Amino acid sequence: GVFILHLDSRFTAAAVRLARLALERGIPVSIDVEKDRPHLDRLLPLADYIFCNSRYPQLFRPGCPRLEGMAALLAVGRARFVVSTLGAEG
């Protein structure tokens, strides 16, 4: 069986359809986000787990520190956690 659906942030229209199918079947969805893409606003709320690079939280909430951007990502939908790389800091 399938235990988790992991998506990258490419082909987001197809990813939205797959995520909905997975959730209908009780399969958790994780997504790896690196930059803004079309339909991402529809995909992020479907994710149980969000992984991103160090820059994406600040792209998501311009002018905010990374941790505030990560908190904003958590507030978008059903995500249980957000993980960000540290970029040059780590």
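Analysis parameters
- Residues numbered from 1 in each chain as written.
- Predicted model: local features only at pLDDT ≥ 70, side-chain atom pairs only at ≥ 80, totals over all residues.
- Heavy atoms only, no water.
- Helix = DSSP H or I, 4+ residues; strand = E, 2+ residues; numbered from the N terminus.
- Rg over C-alpha atoms; globule rule 2.2 N^0.38 Å.
- Buried < 20%, exposed > 50% of the residue type's maximum accessible area, 1.4 Å probe, protein only.
- Contact = heavy atoms within 4.5 Å.
- Areas by Shrake-Rupley, 256 points an atom, 1.4 Å probe, with all protein chains shown as cover.
- Pairing = 2+ DSSP bridges.

1. Concerning the overall build of the chain
Looking only at helices and strands, the chain features 4 helices and 4 strands. Against the globule reference of 12 Å for 90 residues, the chain gives a C-alpha radius of gyration of 13 Å, in line with a compact fold. When the backbone C-alpha atoms are referred to their principal axes, the chain occupies close to 40 × 25 × 20 Å. Counting over 90 residues, the chain shows a buried share of 39%. Within the chain, contacts between residues separated by at least 24 positions form 47% of all contacts whose residues are at least 6 apart in sequence. Counting every atom, the chain has about 5,400 Å² of accessible surface; 58% of that belongs to carbon and sulfur.

2. What to know about the side chain of S9
Mapped onto the fold, S9 is located in the loop between strand 1 (5–8) and helix 1 (12–24). Leaving out residues up to four positions away in the same chain, S9 has contacts with D32, V33, E34, K35, R37 and L40.

3. A word on the pairing of strand 3 (residues 49–52)
Bridge count for strand 2 (residues 29–33) against strand 3 is 4 bridges, and the pairing is parallel. Note on strand 3: the bridge partner recorded for V33 is C52. In this structure, strand 3 lies alongside strand 4 (residues 81–84), joined through 4 bridges in parallel fashion. Note that in strand 4 the partner of F51 across the bridge is V83.

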